[in-house]
2 protein chains.
Amino acid sequence: MKAKIHVTLKSGVLDPQGKAVEQALGSLGFAGVSGVRQGKYIELDLDETDRAKAQANVEKMCEKLLANTVIENYSIDFAET
Amino acid sequence: MKAKIHVTLKSGVLDPQGKAVEQALGSLGFAGVSGVRQGKYIELDLDETDRAKAQANVEKMCEKLLANTVIENYSIDFAET
């Protein structure tokens with residue numbers, strides 16, 4: 001089973017990386033772009049075949065390693081492989 | 001209009017960041033995890049309201065700045081805000 005994890009900064013948390021991208025896009029001539037936020041996208045393969053167990057497992061991974069839950073949110077999707 | 005962009009390493013390109021995450025998960029006791037790949041996830045707001053023009057515009061942004069198309073793929077989704 002393949003898990004797809006998005007880790008994004010909570011709204012209100014300053015995103016200097018996003019700001020830098022926004023300014024770079026502006027200076028490349030792309031107008032009308034705002035609110036750029038950059039996050040992480042992680043894909044992983046799980047041996048676990050039970051969906052509920054996989055969900056619980058990946059949530060633990062996010063809490064312990066993949067996301068800093070003080071400033072980041074995470075969301076998890078699954079795809080059958 | 002909100003654009004959601006995924007930038008992922010092409011398959012076959014070594015992903016040391018993903019490997020590091022995989023090893024860290026292993027040493028935290030998560031078994032059965034493999035094929036960890038880490039990419040970028042970018043959200044941005046566009047003033048453009050025409051879907052086709054927005055798509056063309058964001059593709060240009062990806063080619064020019066957001067993705068290194070030699071080693072990375074990108075995919076673009078749109079959401080109405």
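Residues numbered from 1 in each chain as written. Chains lettered and ligands numbered in written order. Predicted model: local features only at pLDDT ≥ 70, side-chain atom pairs only at ≥ 80, totals over all residues. Heavy atoms only, no water.

Enquirer: So, the packing of helix 1 (residues 16-27) of chain A against helix 2 (residues 51-66) of chain B: which residues are in play, and what are the values?
Expert: Close contact between helix 1 of chain A and helix 2 of chain B brings their axes to 11 Å; oriented N to C, the two are set at 105 degrees. Here helix 2 of chain B runs roughly perpendicular to helix 1 of chain A, going by the angle between their axes. Contacts from Val21, Ala24 and Leu25 of chain A of helix 1 of chain A reach helix 2 of chain B at Met61, Leu65 and Leu66 of chain B. In the contact of helix 1 of chain A with helix 2 of chain B, the residues fall into 6 nonpolar, no polar and no charged. (Axes fitted to C-alpha atoms, helices over the stretch in contact; angles between N-to-C directions. Helix = DSSP H or I, 4+ residues; strand = E, 2+ residues; numbered from the N terminus. Parallel < 35°, antiparallel > 145°, perpendicular 65-115°, else oblique. Contact = heavy atoms within 4.5 Å. Nonpolar A, V, L, I, M, F, W, Y, C, P; charged D, E, K, R; others polar.)

Enquirer: So what's going on with helix 2 of chain B? Which residues, and what values?
Expert: Counted at 1.5 Å a residue, the expected span for helix 2 of chain B with its 16 residues is 22 Å, but the 20 Å between its end C-alpha atoms falls short. Within the sequence span of helix 2 of chain B, burial applies to Ala54, Val58, Met61, Cys62 and Leu66 of chain B. The buried residues of helix 2 of chain B occupy an angular sector of 100 degrees when the element is viewed end-on, so they sit on one face. Away from the buried face of helix 2 of chain B by more than 90 degrees, exposed residues Ala52, Lys53 and Lys64 of chain B are located. As for helix 2 of chain B, its buried residues are in contact with helix 1 and strand 2 (33-46) of chain A together with strand 1 (2-9), strand 2 (33-46) and strand 3 (72-79) of chain B. Measuring from the side-chain oxygen of the N-cap residue of helix 2 of chain B to the backbone nitrogen of Ala52 of chain B gives 3.3 Å; that N-cap residue is Asp50 of chain B. (Expected span 1.5 Å × (residues − 1). Buried < 20%, exposed > 50% of the residue type's maximum accessible area, 1.4 Å probe, protein only. Arc of directions from axis to C-beta. Polar contact = N/O pair within 3.5 Å; in protein donor to acceptor, adjacent residues only side chain to side chain.)

Enquirer: Explain the side chain of Glu22 of chain B residue by residue, including any values.
Expert: All names here are of chain B. You can see Glu22 is positioned in helix 1 (residues 16-27). A distance of 3.2 Å separates a polar atom in the side chain of Glu22 from the backbone nitrogen of Val36. Ignoring sequence-local partners within four residues, the contact set of Glu22 consists of Val33, Ser34, Gly35 and Val36.

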